[in-house]
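# Commentary on secondary and tertiary structure
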Amino acid sequence: MKTLLLSSLVTAALLSPTSHADSISDQANAIAHRYPLIDGHIDVPYRLQEKWDDVTKATASGDFDYPRAKAGGLSAPFMSIYTPATSEAGGATNLANVLIDQVEGIVGRAPDKFALARSADDVRKQFKAGKIALLLGMENGAPIAGDLKNLQHFYDRGIRYITLTHALANHISDSSYDKVKVWKGLSPFGVKVVAEMNRLGIMVDIAHVSDDAFYQVLKLSKVPVIASHSSLRHFTPDMERNVDDDMLKALAKNGGVIQINFGSYFISEAAHQYDEAKKLAEDDFKKLHNDKPSEEATKQFEAAYKERFPYPYATVADVADHIDYAVKLIGVDHVGLGSDFDGVGDSLPVGLKDVSQYPNLIAELLRRGYKEADIAKIMGGNVLRVMETVEKFAAAQK
């Protein structure tokens, strides 16, 4: 009898870790599909502009397609209407319109799978209908081209947030990446842009802006703002692109939401330092080739560097650390997800390589004791709240 009991206890001990892991995995997958999952930033349109693919079906490349999105529970991604920082004003406006056409084309090819969304209510309706709601966010305000009428045009086309700038200062705002601070924050036109975005019902996105511009936006905006794909400077002290503790507190006071970027470069100091060191090595390599290395030489350099210095990928736990830190500092009502899928290349964390893997992050949050209701807020509930607040303010102006 004792032998039988001992055998049962050993069997239970061996099986329980796996059973527990399976239970959390199943629970995470169910949660991923039970609530709207909104990702603040996915670069599908520009990906398709560079090399077209039919994302309404399974694709061999990229981080997003319909089967993987459905598997991961993604129900409302913001499709990034991205224009490079070096784009000229007119060219940026044209490119933005073309990229919006790309998104409309996705819906046109598969209206049974996708639908355009222009409001929080649209997101909820399409979620209930089982369709993926495609929202539009403009990354880089260059397409506004100094004309507030273009804001109305892009609002009419479905743009519901605008990242004021990107890698360089533009006619609206200074950039966190740009060492030259042209405006010491927002330009005079940028001040008008924020007011007009409030009036129209377009969320202001402070990802990429300089610290001075960040605080100016919060002072000017009459409604909550978002950081559509930013992470925390606490973990990457030298990275202005991320948000520090005081900025987080100010964002929460504004009622806004920080949507955590998944890229290892944004998440991990080791990855950040790796990328900085690689940039220096690339500069030296280019100098050896008189700044005109051949494609073959570049490929050989990349392969040799990666073999000698393997990339220090972040993990799902590292991403959860950013969420944890923000939640503890400013509360769960101000945190969301902004993966930057199809935008950060090969730097995505282990376990978060594409849109099928959101349940891995949800499982990590469950293991850390997060309640389902709070996970639902992080997944998308917080962003829906901001969208509704912005929409109601705009409606009141009209």
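Coordinates for the structure precede this section.
Notes on the structure in this doc start here.

Rules used throughout
Residues numbered from 1 in each chain as written. Predicted model: local features only at pLDDT ≥ 70, side-chain atom pairs only at ≥ 80, totals over all residues. Heavy atoms only, no water. Helix = DSSP H or I, 4+ residues; strand = E, 2+ residues; numbered from the N terminus. Rg over C-alpha atoms; globule rule 2.2 N^0.38 Å. Buried < 20%, exposed > 50% of the residue type's maximum accessible area, 1.4 Å probe, protein only. Contact = heavy atoms within 4.5 Å. Areas by Shrake-Rupley, 256 points an atom, 1.4 Å probe, with all protein chains shown as cover. Lys, Arg positive; Asp, Glu negative; His and termini not counted. Charge placed at Lys NZ, Arg CZ, Asp CG, Glu CD. Polar contact = N/O pair within 3.5 Å; in protein donor to acceptor, adjacent residues only side chain to side chain. Axes fitted to C-alpha atoms, helices over the stretch in contact; angles between N-to-C directions. Parallel < 35°, antiparallel > 145°, perpendicular 65-115°, else oblique. Left-handed = near helix turned anticlockwise from the far one by under 90°.

A few words on the overall build of the chain. On a plain count of helices and strands, the chain comes out with 15 helices and 9 strands. Against the globule reference of 21 Å for 398 residues, the chain gives a C-alpha radius of gyration of 22 Å, in line with a compact fold. Across its three principal axes, the chain shows a C-alpha extent of roughly 85 × 60 × 45 Å. Taken across its 398 residues, the chain has 54% of its residues classed as buried. Restricting the contact set of the chain to residue pairs at least 6 apart, pairs at least 24 apart contribute 73%. Split by element, the accessible area of the chain, about 17,400 Å² in all, is 55% carbon and sulfur. If the 45 positive side-chain charges of the chain are averaged to one point and the 53 negative ones to another, these points end up 5 Å apart.

In this section: the side chain of T165. Along the polypeptide, T165 turns up in the loop between β5 (159-163) and α7 (188-200). Engagement of the side chain of T165 in a polar contact is seen with the backbone oxygen of L168, the distance being 2.7 Å. The contact partners of T165, leaving out residues within four places of it in the chain, are N140, G141, N170, S173, D174, S175, A207, H208 and V209.

In this fold, E307 is placed in helix α12 (residues 295-308). Remark: the alpha-carbon pair of E307 and A271, spanning 36 residues in sequence, is separated by 16 Å.

One non-glycine residue, A145, lies in the positive phi region at around 55 degrees. By the element assignment, A145 lies in the loop between β4 (132-139) and α6 (148-156).

Their axes nearest at 9 Å, the elements helix α13 (residues 316-330) and helix α14 (residues 358-367) cross at an angle of 60 degrees. Overall, the two elements α13 and α14 adopt an arrangement that is oblique. Between α13 and α14 lies a crossing of right-handed hand. Residues V316, A317, V319, A320 and I323 of α13 form the contact with α14, whose own contacting residues are N360, L361, E364 and L365.

Function-wise, these values are silent; they only describe arrangement.
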